[in-house]
Structure formats: C-alpha cells, structure tokens
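Residue-level listing of the chains:
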Amino acid sequence: MLNSLYHIFRNECPNCLKGKVFADKSFFFSIGFPKMHIHCKECNFKFEKEPGYFFGSMFVSYGVSVLEGLVTYLCIRPFFDSNFDFWMFIIIAVVLLSLTFFNIRFSRMIWIYMFKNYSI
C-alpha cells in the first residue's frame, strides 16, 4: 500500500512504474483541469479504459475532500471558543477550494491504481 501511494504521488504508470500519467510538470501545484496522456509512453498502458471510466473517481474525490475537511476542522478547532463558529466554515471552504485541482489528479490516480488489472 505504501509503495502504491509512493508511485501515485510520483504520477507514475501503474503498469510499468516509469511513465507519467499526467502531462503536467507538477502533480501538486497545477491549476486547471489535468491533461492526461492517453497511453503510457513506456509500456503503452491505456489509462482510460472506456468512456466515462473516471466517473467513479468523483466519489473518491468526495471521500478525499471529506477527509481533508475533517482534518482541517480538527487542526483549527483549538483556536476557537465554540465547537462551530462561522469562521471555521470559511477556513474549511478556503482549504477545500485550494485543494480542488490536487484532488482531481489524486482521485484519478487512486482510481487508475484500484483498477489497474481491469481489462476489456
């Protein structure tokens, strides 16, 4: 599992662990919708198996966002007097919006790694 996370964060192909999935230089700090390669340049592994293949990655992205919101809440909670303050919602919203493009890439990578042995 840790080995897979290492390769996910390095944006590497799930088949050969050498080629890159996204064409963007930076996996973490890219703004805009991700540009993906259709095939791995090293092993010719096809990333999008069928039309709508990445629809399920939206659910992964939702789970990642919920986890990020919860961690953000737990980190900022000691700085407020009440359990729920209006400023907490603002801070959590800013954090989640700033991580949107990262979440798109991260959830797609998780989705590809989850179904890397799936073939049509």
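As a starting point, this report considers the structure included with it. (Residues numbered from 1 in each chain as written. Predicted model: local features only at pLDDT ≥ 70, side-chain atom pairs only at ≥ 80, totals over all residues. Heavy atoms only, no water.)

A few words on the pattern of salt bridges. For the coordinates displayed, the defined rule picks out 1 salt bridge. One salt bridge in this structure joins Arg10 and Glu12, with 2.9 Å as the shortest N-O distance. (Salt bridge = Lys/Arg side-chain N within 4 Å of Asp/Glu carboxyl O.)

Attention now goes to the packing of aromatic side chains. One pass over the structure, following the stated rule, counts 9 aromatic pairs. Ring geometry for Phe9 against Phe102: centres 6.5 Å apart, planes inclined by 5 degrees, an arrangement best described as stacked. With Phe9 in helix α1 (residues 2-9) and Phe102 in helix α4 (residues 100-114), this pair connects stretches of sequence that are 93 residues apart. The class of Phe9 is partly exposed, set by a relative accessible area of 32%. (Phe/Tyr/Trp six-rings, centres within 6.5 Å; stacked < 30°, edge-to-face > 60°. Helix = DSSP H or I, 4+ residues; strand = E, 2+ residues; numbered from the N terminus. Buried < 20%, exposed > 50% of the residue type's maximum accessible area, 1.4 Å probe, protein only.)

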